[in-house]
Amino acid sequence: MNPTAGSNGPPQRRPDGSLRHLLTLESLSRTELEQLLERAQGFVRPVGERPARSAALAGYTVANLFTEPSTRTRVSFELAAKRLGAQVVNLELQLSSRLKGESMLDTVYTLQAMQVDAFVIRDAEAGVPQAVAANVAPHVSVLSAGEAHVSHPTQGLLDALTIRQRKGRFEGLSMAIIGDIRHSRVARSAWHALRTLGVRDLRIAGPAALMPDATEFAGCSRHTDLTSALAGTDVVMMLRIQKERMGEADLPDAAQYFAAWGLTRERLAAARTGAIVMHPQPMNRGIEIESEVADGPQSVIRDQVRNGVAVRMAVLETVLTPRGAAA
Ligand code: NCD
């Protein structure tokens, strides 16, 4: 049982308990996570087949408001909305209204007046998706596409879906998350999702300066070297050094970092045979991971990207049509 199931209440849920926004995975129960993964799996098609489509969101409008760079997340939210029949508008606010001093909320109110139904928000400042969610009209939903270092809920879901597809279960798995944990919203959302889904052996490892405070990542074991972190694991998640979230002085030297923490084929041998290698991208090849591993047989990095569209379709459909039938 998940002790936090359903305990968070608003602002993420409607009074009837259904999911209205997706700002964090923290209050989602194991059943809710599994339902989202099941719904997402229904949208996954084999490579080479036409993508899944439906008209579930015909007549809806989704706005992507991104103030931090994004390729995969932005494009996959756009494709997800379009494949469900919605209209999409994309705003890169660092290029437009923010420069002019218009606040995110003013932009949201403007778009809401144009009958936008859902806002997908990425921002480098913590709390922005929540602030928007607290101020939109009751029929409008807000989805976080990455909140500072704090959370990246759809990434957590796509990572869980990728693991489920490859391993068929969560219970009994060992997983290591390696690298710049301190600044990683990807690691935080993966941790929330996977411990709720039943992964008990979760390990985090990275250079001391890039490890999170001791109060964070409860239940994870902490490792100070790559080999011990990898030993016997089924799932290895490598992370990018989040240069944009640290000062020049804190930046590790690339060659030293690769020597200590870079995932090579030889080092991956410490993990269990058939272990999968994940990376949220963008990748620094030759720093946290070598190309031979990133493009090798154990890599599921492209599955993660493909699953990102399916997960975002499932989330958009769930929040916008709460009683709608799964496609
Ligand atoms: C990540 C992000 O932006 O948090 N990328 C992504 O969404 N796939 C990870 C990163 O930037 O390192």
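Going by the structure above, here's the rest.
Treat the numbers as computed from the prediction; the structure is a model and nothing was measured.

Brief notes about the pattern of salt bridges
In this structure the tally under the stated criterion is 18 salt bridges. Among the ionic pairs, E34 bridges to R30, the shortest N-O distance being 3.1 Å. Linking E34 with R30, this pair stays in helix α1 (residues 30–41), spanning 4 residues, or about one helical turn. For R188, the salt bridge goes to E216, with nearest N and O atoms at 2.8 Å. Within this pair, whereas R188 is found in helix α6 (residues 185–197), its partner E216 is found in the loop between β6 (201–205) and β7 (221–223), the two being separated by 28 residues in sequence. By relative accessible area, which is 5% here, R188 ends up buried. Several salt bridges converge on common partners, so that one network encompasses R30, E34 and E171.

Focus on the packing of α1 against α6
As a packed pair, α1 and α6 sit with axes 9 Å apart at the nearest point and diverge in direction by 105°. In this view, α1 runs roughly perpendicular relative to α6, as classed from their interaxial angle. Contact residues: α1 offers R30, L33, E34 and L37, while α6 offers A193, T196 and L197.

Quick word on the sheet that holds strand β4 (residues 141–147)
A sheet is described by the order of its strands in space; here 4 strands give the open sequence β2-β1-β3-β4, paired in parallel fashion. Each end of this open sheet is capped by a strand with a single partner; those strands are β2 (87–92) and β4. Going from strand to strand, the sheet's axes swing by 15° on average, the running direction of each strand aside. Each of β1 (61–66), β2 and β3 (118–123) touches helix α3 (residues 104–113); the most contacted strand, β3, lies at about 160° to it.

Here we look at the site of the ligand
The environment of the ligand is made up of T73, R122, H152, Q155, R185, V186, R240, Q242, P280, Q281 and P282. Here an oxygen atom of the ligand sits 2.7 Å away from a polar atom, N or O, in the side chain of Q242. For the ligand, whose accessible area on its own is 320 Å², the fraction buried by protein is 94%. A class-by-class count of the residues in the shell around the ligand yields 3 nonpolar, 5 polar and 3 charged.

Cut-off values and rules
Residues numbered from 1 in each chain as written. Predicted model: local features only at pLDDT ≥ 70, side-chain atom pairs only at ≥ 80, totals over all residues. Heavy atoms only, no water. Salt bridge = Lys/Arg side-chain N within 4 Å of Asp/Glu carboxyl O. Helix = DSSP H or I, 4+ residues; strand = E, 2+ residues; numbered from the N terminus. Buried < 20%, exposed > 50% of the residue type's maximum accessible area, 1.4 Å probe, protein only. Axes fitted to C-alpha atoms, helices over the stretch in contact; angles between N-to-C directions. Parallel < 35°, antiparallel > 145°, perpendicular 65-115°, else oblique. Contact = heavy atoms within 4.5 Å. Pairing = 2+ DSSP bridges. Near = heavy atom within 4 Å. Polar contact = N/O pair within 3.5 Å; in protein donor to acceptor, adjacent residues only side chain to side chain. Areas by Shrake-Rupley, 256 points an atom, 1.4 Å probe, with all protein chains shown as cover. Nonpolar A, V, L, I, M, F, W, Y, C, P; charged D, E, K, R; others polar.

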